[in-house]
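A structural walkthrough
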Amino acid sequence: MNSQRLSETVSRLEVPPAPLPLPFSFPVPLRSPTRLRTFYEAVAPVYARLTAPLSTRARRQGLQWIAATDGERIVEIGPGPGLAFHSLLRHNPTGWTEALEPAASMRARTRRRAARVSHRRYRIRDGTATDLPYPADHIDALFSAYVYDLLSTDRLPTALSEIRRVLRPEGRAVLITMAPASSTTGHVWSTAARWLPPLLGGSRPLTLPPALQTAGLSIVRATTISQMGFPSRITEVRPHTSN
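Residues numbered from 1 in each chain as written. Predicted model: local features only at pLDDT ≥ 70, side-chain atom pairs only at ≥ 80, totals over all residues. Heavy atoms only, no water.

Here we look at the overall build of the chain
The helix and strand tally for the chain stands at 8 helices and 7 strands. Each of the 243 residues in the chain was classed as buried or not, and the buried ones make up 47%. In the chain, the proportion of contacts linking residues at least 24 apart, taken out of those at least 6 apart, comes to 74%. On the chain, roughly 12,600 Å² of surface is accessible, and the fraction owed to carbon and sulfur atoms is 56%. (Helix = DSSP H or I, 4+ residues; strand = E, 2+ residues; numbered from the N terminus. Buried < 20%, exposed > 50% of the residue type's maximum accessible area, 1.4 Å probe, protein only. Contact = heavy atoms within 4.5 Å. Areas by Shrake-Rupley, 256 points an atom, 1.4 Å probe, with all protein chains shown as cover.)

And the structure:
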């Protein structure tokens, strides 16, 4: 009898235990246009409050670099609730400024912020980074914060090529993306981006230079700004011209 019980005990030990339930599941990255649109529709009411502690300094630096000038054609890709778009409008009262935003609830918030300026030289419409609705050599300045680091690897080259196509030869673009980690806290954010994509809206660390070069864009300057340990890369580019 003791021998039989021992055999049963050994058999139970040899069976792999069932995995413990986790308090969360590892979700599919939010890289498809449909998933991104759905996610940002849902977080629109709280997006500004959630992201401000991580991105205010980087967005401010990016706006300084884009140096919006009155009379220009300016476009912002993915303005979200319009945190930067309002600033672009104030600096371009006699030019033309557009915002392309795929999430309707974000567009509504951008419109409310835009209504605070005294002019109506702007348009806010549905659009994505991979299909810019402009002719070639049309845009003086393009600004985008935390959009290109959302794109899947197969869509990123198309989006960067679109920047090159629509920029005038003397035009410029400023892109803000999540930067690769260079500190302990930065590695925490990178881990969160990998395992919990919704926590950062689908953003992930992105190294742009090789893809920019392939798209025909030259880096003018770049810097990394960290806020609460979250690393943001600000990159100014211009169309590559061969001498």
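Looking at the nonpolar core
Core analysis: the largest hydrophobic core is formed by 25 residues, its most contacted members being Ile77, Leu142, Tyr148, Leu160, Ile163 and Leu175. If you list the elements that add at least two residues to this core, you get β1 (73-77), β4 (139-145), α6 (156-166) and β5 (167-178). Here this core gets 5 residues from one element, more than from any other, and that element is α6. In contact with Ile77, other than residues within four places in its own chain, are Leu100, Ala129, Leu132, Leu142, Phe143, Ser144, Ala145, Val147 and Tyr148. (Core = buried A, V, L, I, M, F, W, Y, C linked by side-chain atoms within 4.5 Å.)

Some remarks on the packing of aromatic side chains
All chains considered together, the criterion is met by 5 aromatic pairs. Measuring from ring centre to ring centre gives 5.9 Å for Tyr40 and Tyr47, while their planes differ by 65 degrees; the resulting arrangement is edge-to-face. Relative to Phe230, the ring of Tyr146 has its centre 6.3 Å away and its plane inclined at 55 degrees; by these criteria the two rings are tilted. With a gap of 84 residues between them, Tyr146 in the loop between β4 and α6 and Phe230 in strand β7 (residues 230-239) connect regions that are remote in the sequence. A relative accessible area of 5% means that Phe230 is categorised as buried. One aromatic cluster in this structure is built from Phe39, Tyr40 and Tyr47. (Phe/Tyr/Trp six-rings, centres within 6.5 Å; stacked < 30°, edge-to-face > 60°.)

Re the sheet that holds β5
Judged by pairing direction, the sheet is mixed, and its 7 strands sit side by side in the order β3-β2-β1-β4-β5-β7-β6 without closing on themselves. Lying at the two open borders of the sheet, with one neighbouring strand each, are β3 (122-125) and β6 (217-227). Within the sheet, the average angular offset between the axes of one strand and its neighbour, ignoring direction, is 15 degrees. Where strand β2 (residues 96-100) meets β3, 4 bridges bridge the pair, whose relative direction is parallel. Considered in β3, the bridge of Thr97 is made with Tyr122. Sitting on the sheet, α6 is in contact with β4, β5, β6 and β7, with an inclination near 150 degrees to β5. (Pairing = 2+ DSSP bridges. Axes fitted to C-alpha atoms, helices over the stretch in contact; angles between N-to-C directions.)

Digging into helix α3 (residues 47-66)
For α3, which comprises 20 residues, the first-to-last C-alpha distance of 23 Å sits more than 12% below the rise-based estimate of 28 Å (1.5 Å per residue). Among the residues making up α3, those that are buried are Tyr47, Thr51, Leu54, Ser55, Ala58, Arg59, Gly62, Leu63, Trp65 and Ile66. Just downstream of α3, Ala67 is the residue with a positive phi angle, here 45 degrees. (Expected span 1.5 Å × (residues − 1).)

Some details on the environment of Thr235
Along the polypeptide, Thr235 turns up in strand β7. Sequence separation between Thr235 and Thr223 is 12 residues; the distance between their C-alpha atoms is 6.8 Å. The residues touching Thr235, leaving out its near neighbours within four places in the chain, are Trp65, Ala173, Val174, Leu175, Leu212, Ile219, Arg221 and Ala222.

Overview of the pattern of salt bridges
Across all of its chains, the model carries 10 salt bridges by this definition. A salt bridge links Glu72 to Arg172; its shortest N-O distance comes to 2.8 Å. With a gap of 100 residues between them, Glu72 in the loop between α3 and β1 and Arg172 in strand β5 connect regions that are remote in the sequence. In this pair, the class of Glu72 matches that of Arg172, namely buried. The network of salt bridges with shared partners includes Arg37, Arg107 and Asp126. (Salt bridge = Lys/Arg side-chain N within 4 Å of Asp/Glu carboxyl O.)

Details of helix α7 (residues 184-195)
Across its 12 residues, α7 extends 17 Å between first and last C-alpha, which sits within 8% of the 16 Å expected from 1.5 Å per residue. What α7 keeps buried is the set Gly186, Trp189, Ser190, Ala192 and Ala193. Down the axis, α7 shows its buried residues gathered within 160 degrees of arc, on one side only. With respect to the buried face of α7, the exposed residues turned more than 90 degrees away are Thr184, Val188 and Arg194. In this structure, the buried residues of α7 make contact with α3, β5 and β7. (Arc of directions from axis to C-beta.)

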